[in-house]
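Below are the chains, spelled out letter by letter.
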Amino acid sequence: MDIAQLSERIVKGDRRALARAITLIESRRPDHRETATELLDSLRGTGRQAMRVGLSGTPGVGKSTFIEGFGMYLTGQGLKVAVLAVDPSSARSGGSILGDKTRMERLSRDPRAFIRPSPSQSQLGGVARRTREAVSLCEAAGFDVVLIETVGVGQSETMVAEMADLFVLLLAPAGGDELQGVKRGIMEIADMILINKADGDLKAAAVRTCADYAGALRLLRKRPQDPKGFPKAMTVSALEEAGFEPAWHEMQALTDWRRENGFFDTRRAEQARYWFGEEVRHALLAQLETGAARAEMARLAEAVAEGEIAIGLAAREMVETLGRE
Ligand SMILES: Nc1nc2c(ncn2[C@@H]2O[C@H](COP(=O)(O)OP(=O)(O)O)[C@@H](O)[C@H]2O)c(=O)[nH]1
Ligand SMILES: [Mg+2]
């Protein structure tokens, strides 16, 4: 595969080249991995920056409906929108977001949009690392906004927040005491909370929930990267496509403020450090998976079990063996 040619086509915004490159980065073949890293390195200098928006929320809250509607709103503004996903369940289920792609009918037909299901890998770390690389590819391809969807389970939100400029939490209207149900951790990383389904019978409850969260955010949080008045809680209706304009306006206002005050670049630099650490840790763990390493692990484990060698000493011997290879 000719990296220079593929890279050139991506920079021109060729979607087939982009799709092919993402397939390449998702491949676990060592030669593919090598080509993929070279490709990413060759695209480093484009100087393009998309607004990377992470979007999370429990199943049924309306993420897919929101992405389709909001995506159409953004392309309607002349923007190019890419949709990616970190879905740790997709390895098992065959890709719930893949099912969504066929449902996001309008957006997937839009020439200004690009939708890609979650990479299906067995580990969340792998899914997230590859999605982060896909984000870079979309950025190099000239997308203005990259939406990264994740289901609200476990670590996936934290990982998506680590690849986003803006992390949006989508919530459903709820009764009074349900505020407790949202993990504190996610309230701390959310840059914006959108209460969806603010329509019909649910409208009043949505407005109330929104006020509750706005209050909670004010009490809970003061971060240097938030200007006065942020983080905001707002209502939207993905179904009726209402509230998109104010939501987009606030996303832009927040991003502009962070750019002007240095927080945008600082955060991206921090994220680069984080992902570098992740890659190194992953590479070290992968060294344990070679045939020789497995055999040595098994041998030492046996020796430890038989009481022939102290655990700490055996571990050190193992690590030293890896270092010699
Ligand atoms: N009333 C109302 N229903 C919605 C809205 N957004 C989504 N839904 C419905 O909620 C259900 C789950 O939506 P979906 O987008 O699949 O949620 P996801 O699991 O978070 O992706 C579907 O039946 C949608 O039609 C909304 O703004 N208002
Ligand atoms: Mg969905």
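Use the structure listed above.
About the cut-offs
Residues numbered from 1 in each chain as written. Chains lettered and ligands numbered in written order. Predicted model: local features only at pLDDT ≥ 70, side-chain atom pairs only at ≥ 80, totals over all residues. Heavy atoms only, no water. Core = buried A, V, L, I, M, F, W, Y, C linked by side-chain atoms within 4.5 Å. Buried < 20%, exposed > 50% of the residue type's maximum accessible area, 1.4 Å probe, protein only. Helix = DSSP H or I, 4+ residues; strand = E, 2+ residues; numbered from the N terminus. Contact = heavy atoms within 4.5 Å. Axes fitted to C-alpha atoms, helices over the stretch in contact; angles between N-to-C directions. Parallel < 35°, antiparallel > 145°, perpendicular 65-115°, else oblique. Left-handed = near helix turned anticlockwise from the far one by under 90°. Nonpolar A, V, L, I, M, F, W, Y, C, P; charged D, E, K, R; others polar. Phe/Tyr/Trp six-rings, centres within 6.5 Å; stacked < 30°, edge-to-face > 60°. Expected span 1.5 Å × (residues − 1). Arc of directions from axis to C-beta. Right-handed = clockwise from strand over helix to strand, strands pointing away.

Colleague: Mind laying out the nonpolar core, listing which residues take part and the relevant values?
Modeller: Core analysis: the largest hydrophobic core is formed by 51 residues, its most contacted members being Ile10, Leu39, Leu137, Val146 and Ile193. Tallying contributions element by element places helix α8 (residues 124–140) first for this core, with 8 residues. Formed by 32 residues, the second largest nonpolar core is a distinct cluster that contains Met51, Val53, Ile115 and Ala238.

Colleague: Residue-level account of the environment of Ala198, with values.
Modeller: By the element assignment, Ala198 lies in the loop between β6 (192–195) and α11 (203–220). In contact with Ala198, not counting residues within four places along its chain, are Lys203, Ala206, Thr235, Val236 and Ser237.

Colleague: A description of the packing of α8 against helix α13 (residues 263–286) should follow, citing residues and the corresponding values.
Modeller: One way to put it is that α8 packs onto α13 with a least axis distance of 11 Å and a crossing angle of 135°. Accordingly, the angle class assigned to the pair α8 and α13 is oblique. Between α8 and α13 lies a crossing of left-handed hand. Packed against α8, whose contacting residues are Ala128, Arg129, Arg130, Arg132, Glu133 and Glu139, the element α13 presents Arg268, Trp275, Glu278, Glu279 and His282 at the interface. Class assignment of the residues belonging to the contact of α8 with α13 gives a composition of 2 nonpolar, 1 polar and 8 charged.

Colleague: Report on the packing of aromatic side chains, specifying residues and quantitative values.
Modeller: To describe a pair of aromatic rings, one takes the distance between the centres and the angle between the planes. Evaluation of the coordinates by the stated rule reveals 9 aromatic pairs. With a centroid separation of 5.6 Å and an interplanar angle of 90°, the aromatic rings of Phe66 and Phe244 are classed as edge-to-face. A residue pair is termed long-range when its members are at least 10 positions apart, and Phe66 in helix α4 (residues 63–76) and Phe244 in helix α12 (residues 244–260) qualify at 178 residues. When sorted by exposure, Phe66 lands in the same class as Phe244, which is buried. Taken together, a centroid distance of 5.0 Å and an interplanar angle of 90° make the contact between Tyr274 and Trp275 edge-to-face.

Colleague: Please set out helix α14 (residues 291–305) residue by residue, giving values where relevant.
Modeller: Structurally, the α-helix is built with 3.6 residues per turn, so residues lying three or four positions apart point the same way. For α14, built from 15 residues, the straight-helix expectation of 21 Å at 1.5 Å per residue is met to within 8% by its first-to-last C-alpha distance of 21 Å. Every buried residue of α14 is listed here: Ala293, Glu296, Leu300 and Ala303. Axial view of α14: buried residues confined to an arc of 90°, hence all on one face. Every exposed residue of α14 that faces more than 90 degrees away from the buried side is listed here: Gly291 and Ala305. The elements touched by buried residues of α14 are α15 (311–324). Positive phi appears at Gly307, one or two residues downstream of α14, with a value of about 75°.

Colleague: For the pairing of β6, give the residues involved together with the corresponding values.
Modeller: Here β6 shows a buried face lined by Met192 and Leu194 and a second buried face lined by Ile193 and Ile195. Handedness of the crossover joining β6 and strand β7 (residues 232–235) through α11 is recorded here as right-handed.

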